[in-house]
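For reference, the chains in residue letters:
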Amino acid sequence: MSSQDRDPKIFPEELQGLHDTLITCLSMSNDFLCFGTDVGHLVHFSLEHWSMIIQYRHSIGIRAIYTDLEGTRIAFIDDHNEGFVYMPVCYYLLDLYKT
């Protein structure tokens, strides 16, 4: 299905539980739009399926995110300026500050 045939989405309002949040950062991979919010949501939105597929909830806001080309790893920096790597396939969070 081409992108012209899909219903437009307004982020984050159209995603359940995110309508009162602000997107603070975003990154795109080949298959995903990934974004972080002011209250700590990290969201994977599938461009192929046109829906949110994974949502991780961090304890504080997210300032910056960086994805690899496949979207299988996301490095992010939170409001305390600490770095993390999140691997959504296995729901694993690596705290870079403690390693």
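Look up: the structure comes first, before these words.
Novice: So what's going on with the side chain of Asp 78? Which residues, and what values?
Specialist: By secondary structure assignment, the location of Asp 78 is in strand S6 (residues 74-78). Arg 63 is the oppositely charged side chain nearest to the buried, salt-bridge-free Asp 78, at an N-O distance of 6.8 Å. At 3.0 Å, the side chain of Asp 78 forms a polar contact with the side chain of His 58. Setting aside anything within four residues of it in sequence, one finds Asp 78 in contact with His 58, Ile 60, Gly 61, Ile 62, Arg 63 and Phe 84.

Novice: Tell me about the nonpolar core, and please be specific about residues and values.
Specialist: Cys 25, Phe 32, Cys 34, Leu 42, Ile 54, Tyr 56, Ile 62, Ile 65, Ile 74, Phe 76, Phe 84 and Tyr 86 form the largest nonpolar core, which has 12 residues in total. Leave out the neighbours within four places in its chain, and Cys 34 touches Cys 25, Leu 26, Ser 27, Val 43, His 44, Ile 65, Thr 67 and Ile 74. The next biggest cluster of nonpolar side chains, apart from the first, holds 5 residues, and it includes Leu 18, Phe 35, Val 43 and Phe 45.

Novice: So, unusual backbone geometry: which residues are in play, and what are the values?
Specialist: Outside of glycine, negative phi angles account for most residues, and trans bonds account for most peptide bonds. Of note in the backbone geometry, Trp 50 takes a positive phi value of approximately 60° without being a glycine. Its location among the elements puts Trp 50 in the loop between strand S3 (41-46) and strand S4 (51-57).

Novice: Before we move on, could you go through the pattern of salt bridges and cite the residues and values that matter?
Specialist: Inspection of the entire model under this criterion finds 2 salt bridges. For Asp 68, the salt bridge is made with Arg 73, and the minimal N-O distance between the two is 3.9 Å. Taking relative accessible area as the criterion, Arg 73 reaches 46% and is therefore assigned partly exposed.

Novice: I'd like to hear about the pairing of strand S1 (residues 23-28), residue by residue, with values.
Specialist: Two elements, S1 and strand S2 (residues 32-37), share 5 bridges in a ladder whose sense is antiparallel. Residue Cys 25 lies in a different strand from S2, and its bridge partner there is Gly 36. Linking two consecutive strands that pair antiparallel, namely S1 and S2, is a turn of 3 residues.

Novice: Can you tell me about the sheet that holds strand S7 (residues 83-87), naming the residues and giving the values?
Specialist: If you trace the 4 strands from one edge of the open sheet to the other, you get S5-S6-S7-S8, paired in antiparallel fashion. Pairing within the sheet leaves two strands with one partner each, and these edge strands are strand S5 (62-67) and strand S8 (92-95). For this sheet, the mean inter-axis angle between neighbouring strands, taken without regard to orientation, is 25°. Where S6 and S7 come together, 4 bridges link them in antiparallel fashion. Residue Ile 77 lies in a different strand from S7, and its bridge partner there is Gly 83.

How each quantity is defined
Residues numbered from 1 in each chain as written. Predicted model: local features only at pLDDT ≥ 70, side-chain atom pairs only at ≥ 80, totals over all residues. Heavy atoms only, no water. Helix = DSSP H or I, 4+ residues; strand = E, 2+ residues; numbered from the N terminus. Buried < 20%, exposed > 50% of the residue type's maximum accessible area, 1.4 Å probe, protein only. Lys, Arg positive; Asp, Glu negative; His and termini not counted. Salt bridge = Lys/Arg side-chain N within 4 Å of Asp/Glu carboxyl O. Polar contact = N/O pair within 3.5 Å; in protein donor to acceptor, adjacent residues only side chain to side chain. Contact = heavy atoms within 4.5 Å. Core = buried A, V, L, I, M, F, W, Y, C linked by side-chain atoms within 4.5 Å. Pairing = 2+ DSSP bridges. Axes fitted to C-alpha atoms, helices over the stretch in contact; angles between N-to-C directions.

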